[in-house]
Amino acid sequence: MKNMSRNIIWLALVLIVLLAFIVPSATGRGPEEVPFSAFMSKVQEGHVRDVTITGQHITGKFDDGKKFASTGPENQTQLYKDLV
């Protein structure tokens, strides 16, 4: 009987963890995917608050708090200049 109770508790914990990852992505709470040209326009207009660049993957927040993601070119020298 104790083993069955433990198994039920473990199953419940696994389900809770899975739901914690599945529900936010299913509800569309992830970052808005924006074309690189639209991202650059927002940068030049001063509407980008935070930016993280990892290779070609760009993520961050606009000044209204909305999260975004974009894919940049391989050579991002001009992007770095615009962000500074």
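A few points on the structure. (Residues numbered from 1 in each chain as written. Predicted model: local features only at pLDDT ≥ 70, side-chain atom pairs only at ≥ 80, totals over all residues. Heavy atoms only, no water.)

Quick notes on the nonpolar core
(1) Moving on: Among the nonpolar cores identified, the biggest contains eight residues, and these are Val34, Phe39, Met40, Val43, Val48, Ile58, Phe62 and Phe68.
(2) Moving on: Elements that contribute at least two residues to this core include exactly α2 (36-45) and β3 (57-62).
(3) Moving on: For this core, the leading source of residues is α2, giving three residues.
(4) Moving on: If sequence neighbours within four positions are ignored, valine 34 has contacts with Phe39, Phe62, Phe68, Ala69 and Ser70. (Core = buried A, V, L, I, M, F, W, Y, C linked by side-chain atoms within 4.5 Å. Buried < 20%, exposed > 50% of the residue type's maximum accessible area, 1.4 Å probe, protein only. Helix = DSSP H or I, 4+ residues; strand = E, 2+ residues; numbered from the N terminus. Contact = heavy atoms within 4.5 Å.)

A closer look at the packing of aromatic side chains
Here the distance between the centres and the angle between the planes together describe a pair of aromatic rings.
(1) Moving on: For the coordinates displayed, the defined rule picks out three aromatic pairs.
(2) Moving on: Relative to phenylalanine 39, the ring of phenylalanine 36 has its centre 6.1 Å away and its plane inclined at 45°; by these criteria the two rings are tilted. Within this pair, phenylalanine 36 and its partner phenylalanine 39 are both found in helix α2, separated by three residues, close to a single helical turn.
(3) Moving on: Residue classification places phenylalanine 36 among the partly exposed positions, given a relative accessible area of 25%.
(4) Moving on: Considering the side-chain rings of phenylalanine 62 and phenylalanine 68, the 4.5 Å spacing of their centres and the 25° angle between planes classify their relative orientation as stacked.
(5) Moving on: Overall, the relative accessible area of 6% leaves phenylalanine 62 in the buried class.
(6) Moving on: Note on phenylalanine 68: relative accessible area 1%, which makes it buried.
(7) Moving on: Each residue in the set Phe36, Phe39, Phe62 and Phe68 is aromatic and connected to the rest through ring pairs, giving one cluster.
(8) Moving on: Here the basic side chain of lysine 42 rests over the ring of phenylalanine 62, its NZ or CZ set 5.5 Å away from the ring centre. (Phe/Tyr/Trp six-rings, centres within 6.5 Å; stacked < 30°, edge-to-face > 60°. Lys NZ or Arg CZ within 6 Å of the ring centre and 35° of its normal.)

Quick notes on a nonpolar patch on the surface
(1) Moving on: Together, Ile9, Trp10, Leu13 and Ile16 make up an exposed nonpolar region whose accessible area comes to about 460 Å².
(2) Moving on: Assignment of secondary structure puts leucine 13 in helix α1 (residues 2-26).
(3) Moving on: Relative accessible area serves as the criterion here: at 43%, leucine 13 is assigned to the partly exposed category. (Patch = residues over 30% accessible without salt bridge, like charges linked within 9 Å, V, L, I, M, F, W, Y side chains within 5 Å. Areas by Shrake-Rupley, 256 points an atom, 1.4 Å probe, with all protein chains shown as cover. Salt bridge = Lys/Arg side-chain N within 4 Å of Asp/Glu carboxyl O.)

Everything listed is a geometric property; what it means functionally is a separate question.
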